[in-house]
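Tertiary structure, described
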Amino acid sequence: MFLHCQRWAPALLLVLAGCASAPPSTPARLGLKLAPSALGASVSVQQHLRVERGGRIDELDAALEVEPSHLDLVGLAFGQRVLSLHYDGKEMTSWRHLMLPAQVRADDVLEDMQLTLWPRAAIAQALPAGWHIEDEGLRRTLSLNGEVVTVIAYSSMPRWSGTVVLDNLRYHYRLTIQNAPDGA
């Protein structure tokens with residue numbers, strides 16, 4: 001069992017999108033913490049996450065539920081819970097498996113989730129100075145002072161259906177989220 005834990009713990013670090021510390025010259029993350037109600041919908045999906053970074057591919061399964069009053073996420077590796085996150089719009093609580101590296105931060109997971117799923121208008125209102133978000137068809141672009149930082153491509157709408165591909169140019173990873181069809 002320990003060998004399996006050693007094997008998936010680094011994978012989970014990569015999967016949770018931008019959870020590793022940024023180089024000293026890289027500006028800090030946005031710090032988005034939008035209210036679950038700002039999504040404007042109730043969502044319950046099962047997802048398969050795939051991260052490509054530095055020539056490596058890692059995968060993780062997740063269950064996500066968003067209601068106006070809360071957001072819950074559970075991450076699974078080899079059928080075992082390795083991360084959980086609860087956010088009520090004011091306070092966030094999280095749990096991580098002991099083998100999960102300390103660099104995996106629930107704040108970063110929440111931010112990437114919100115950048116991917118929440119409406120552009122809700123995100124735009126919360127962005128710090130210099131940041132800009134643009135939606136064009138099935139593509140979302142986040143930029144800082146005119147430089148593209150993140151590109152998100154959707155296969156369909158709503159955003160939590162089908163496949164979502166997030167290319168983070170700042171932290172050099174690609175996160176592919178395959179949402180299970182309803183009833184799967």
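Reading the values: rules and limits
- Residues numbered from 1 in each chain as written.
- Predicted model: local features only at pLDDT ≥ 70, side-chain atom pairs only at ≥ 80, totals over all residues.
- Heavy atoms only, no water.
- Helix = DSSP H or I, 4+ residues; strand = E, 2+ residues; numbered from the N terminus.
- Buried < 20%, exposed > 50% of the residue type's maximum accessible area, 1.4 Å probe, protein only.
- Contact = heavy atoms within 4.5 Å.
- Core = buried A, V, L, I, M, F, W, Y, C linked by side-chain atoms within 4.5 Å.

Side note on the side chain of Q47
By the element assignment, Q47 lies in strand 1 (residues 43-53). Since its relative accessible area comes to 11%, Q47 is described here as buried. The residues touching Q47, leaving out its near neighbours within four places in the chain, are L60, D61, A62, L64, I177, Q178 and N179.

A look at the environment of G75
With respect to the helices, strands and loops of the structure, G75 is situated in strand 3 (residues 70-77). Since its relative accessible area comes to 5%, G75 is described here as buried. Residues G75 and R96, 21 residues apart in the sequence, show an inter-C-alpha distance of 9.3 Å. In this structure, G75 is in contact with L60, D61, A62, Q80, R81, V82 and L83, ignoring residues within four places of it in sequence.

Notes on the nonpolar core
Residues L64, L71, M113, W118 and I123 are the most contacted members of the largest nonpolar core, which totals 41 residues. Considering every element that reaches this core, the biggest residue donor is helix 2 (residues 106-117), with 6 residues. Contact partners of M113, with chain neighbours within four places excluded, come to L64, L71, L73 and W118.

Some points on unusual backbone geometry
Residues M157 and P158 are joined by a peptide bond in cis, for which omega reads 0°. If you trace the backbone, P158 turns up in the loop between strand 8 (147-154) and strand 9 (163-168). A positive phi angle, near 55°, is found at F78, a position not held by glycine. Of note, F78 is situated in the loop between strand 3 and strand 4 (80-87). The class for F78 is exposed, based on a relative accessible area of 57%. Even without being a glycine, H172 presents a positive backbone phi close to 60°. The topology assignment puts H172 in the loop between strand 9 and strand 10 (173-179).

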